[in-house]
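The residues making up each chain are set out below.
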Amino acid sequence: MHENFFLPSELIPNDPEYFVWYTGTLGQAEWLISYSRTLRGTAVPKECRPDLSNVPEAIMPLLSLDQPDLIVTNKKNDPLILIEITEQRAFGTNAPQRVARFWSAVANRIPSAYILPVESYQIEKSGNPLKMKKILEEQDVNKKRFLLFCETLLRVNGEKTYRNGITTIEELKERIRRGEYKQIAGITEHTITQLQQFVKKFVDGEGETVHLQNIPPEEYCHRVGNTYYRAYIRKPEITESMLLEWFHVCSTVVPTFVFKWHSELKYLFRTNGLTHIMYDEENPFLSYRNLPPKPGQNKVVHTFCGNNKDEIELFFNFVDACIHREFSNDFFRKKVMRAGEYWNNELRTRWFKEIEDIRDIDLVKSGNFSCTTQNFFDFLESQGVEIPQKYEDSFQVLEKSHIYKIFNAAPHRGLYDPYSGNLAVRDILFAREPTTIEDLTKFTRSKSLVFLVDFKGESATKHRFIYGLINRAFTKYNNQKDTGWNEQEKLLWLLKNIKIHKFTKDMRCHIVFSDIILVRRFVTPDPIKYEVIFGVPTLLRMGLIDERDASIESMRLKT
């Protein structure tokens, strides 16, 4: 009986050849089955229970760190492809937070695909309502349209540019194309190139990639009651740059591809440009559900090499190829993920700050820093933090360290999303130089990765990360009472005896990816309190745990 399925009976096989395991929604699984040439009529959805109690051992390693939306397996439960789908706009850290799901696939050489809006439309309250009010009340219609167009470009001061003698949109665009920036108020010799790139991609629509259409001036700002809302294009910035580069690097190991969920201007003020509700006459059971578009519904985004397929069509071609273990085609991903399509070298240089004085980490609440490993340990010593010599000696082979620092003042806010995925990103990009033959679970590193957490306010006394979480897990799984062990010794026991997915989400990835977890608790007026834990990469390097231990073994597929 399949009474919980929306799939019509003719698409439900009596003897399935494939299963689509889902942790997201049934709709996503049925969407995948319905449009895949291979899965349609040969596969059925299977829900992964929240506690994973019904998940076959054969795919558990792919859910060990985090739970992807979809995993396709054959009838023997051999994994064929892992899939993640998100309709959220790629801003801040919402896209990278899911990377731990893909990391498990890359580590086990399983292809994966991520459907997300690489570019998107954004609506938010205007940061300068008085300015917007003045522009919208401008009586000269042409000047009003000019001023609104300038606002869509960012950095351009429309009023001053108008007074400088540039008074039409076409004249402004022509000046930008020629690189004549001196009369464009707000633009300098250093920023004119960025403005030229924006106009080329989003205004003129030149190139082999069809980028989003710029917001028309009359749609840029709207007044709702007494509040002014602006609409704009959100382009990939630093965090998205990291995400795309991560997929680019990992795709050299195993096909690991991003597919662009294309926004449309006509949906801007309903769903920020994304089609959330699909209608399909041929597959009515998929209609009116919150699902991605069907293949062939969107514009063709990447037109190079004579491509005439949209991203969803290319995605399904990739899915079918993975199911048949045919990886000869890159589905135009290499060109998509290259620098210049969605990010540039300037963003790469802003990924982290190289510092000589370790105290510079206190200049910002959160950030990424690179320093010498010796400077980091000297800093700990200067703060009175005692590190056992054998642990410090294990870092002699790592000249540099990458510090990922975050700030927390909310005692009940967990440290899983987005930080777990962000650590998975930094593991590949900043802590190692992966090769096609490398076993990622051995954590062979070129830099150490430090996860630094500053707790202030109530969090300084109440947040349980990281000692409190280790103690709670040890109490749960170890029957001994009063061992007299410290938190590092308890963690070693847990890693040797407990499968990694049994660690709670608010500590799992932090322990797996971090050489060092450093917690600073600012309990005023007392001195700063420190907690230091050495994670899996350090413990493997020291030989205190090995690949046969329960935690490491549970991250690997059985071959």
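Our subject is the structure that appears above.
Quick summary incoming for the structure in this document. A quick note: this is a predicted structure, and the numbers were derived from the prediction, not measured.

Digging into the environment of Thr161
In this structure, Thr161 sits in helix α5 (residues 158-163). The exposure class assigned to Thr161 is buried, which follows from its relative accessible area of 0%. Taking the C-alpha atoms as reference points, Thr161 and Glu553, separated by 392 residues in sequence, lie 63 Å from one another. Other than its neighbours up to four places away in sequence, Thr161 contacts Phe146, Val156, Ile166, Leu172, Gln183, Ile184 and Ala185. At 2.7 Å, the side chain of Thr161 forms a polar contact with the backbone oxygen of Asn157.

Overview of the state of the cysteines
Scanning the model with the defined rule gives 0 disulfides in all. Looking at the unpaired Cys322, the closest cysteine sulfur is the one in Cys250, lying at 15 Å. The buried category is assigned to Cys322, whose relative accessible area is 1%.

Details of the pattern of salt bridges
Applying the stated criterion across every chain, the model contains 46 salt bridges. Across the pair Glu264 and Lys266 runs a salt bridge whose closest N-O atoms are separated by 4.0 Å. Its relative accessible area of 17% is what places Glu264 among the buried residues. Overall, the relative accessible area of 60% leaves Lys266 in the exposed class. One salt bridge in this structure joins Arg432 and Glu438, with 2.8 Å as the shortest N-O distance.

Quick look at the sheet that holds strand β7 (residues 221-224)
The strand order β6-β8-β7 describes an open sheet built from 3 strands, whose pairing is antiparallel. Each edge of the open sheet carries a strand with a single partner, namely β6 (120-125) and β7. In this sheet, adjacent strand axes meet at a mean angle of 25 degrees when their direction is disregarded. Here helix α3 (residues 129-136) sits on the sheet in contact with β7 and β8 (227-234), set at roughly 95 degrees to β8.

Examining unusual backbone geometry
That bond from Phe465 to Ile466 is cis: its omega, 0 degrees, falls within 30 degrees of zero. With respect to the secondary-structure elements, Ile466 resides in the loop between α17 (459-462) and α18 (467-477). The omega torsion across Thr524 and Pro525 is 0 degrees, close enough to zero to call that bond cis. Take Pro525: it is sitting in the loop between β14 (516-521) and β15 (529-534). Here the phi dihedral of Arg109 falls at roughly 60 degrees; this positive angle occurs in a residue that is not glycine. Tracing the backbone through its elements, the reader meets Arg109 in the loop between α2 (99-107) and β5 (112-116). Of note, Phe332 is a non-glycine position whose phi angle comes to about 65 degrees, a positive value. The residue Phe332 is located in the loop between α11 (311-323) and α12 (333-336) in this model.

Here we look at the sheet that holds β14
Read across the open sheet, the 6 strands follow the order β10-β11-β12-β13-β14-β15; overall the sheet is mixed. The open sheet has two edge strands with one neighbour each: β10 (353-354) and β15. In terms of strand pairing, strand β13 (residues 447-455) meets β14 through 6 bridges, oriented parallel. Its bridge partner lying in β14, Phe455 is registered against Arg521. Its contacts with the sheet put helix α14 (residues 373-382) on β11 (367-372), β12 (400-408), β13 and β14, and the angle it makes with β11 is roughly 100 degrees.

What counts, and where the lines are drawn
Residues numbered from 1 in each chain as written. Predicted model: local features only at pLDDT ≥ 70, side-chain atom pairs only at ≥ 80, totals over all residues. Heavy atoms only, no water. Helix = DSSP H or I, 4+ residues; strand = E, 2+ residues; numbered from the N terminus. Buried < 20%, exposed > 50% of the residue type's maximum accessible area, 1.4 Å probe, protein only. Contact = heavy atoms within 4.5 Å. Polar contact = N/O pair within 3.5 Å; in protein donor to acceptor, adjacent residues only side chain to side chain. Disulfide = S-S within 2.5 Å. Salt bridge = Lys/Arg side-chain N within 4 Å of Asp/Glu carboxyl O. Pairing = 2+ DSSP bridges. Axes fitted to C-alpha atoms, helices over the stretch in contact; angles between N-to-C directions.

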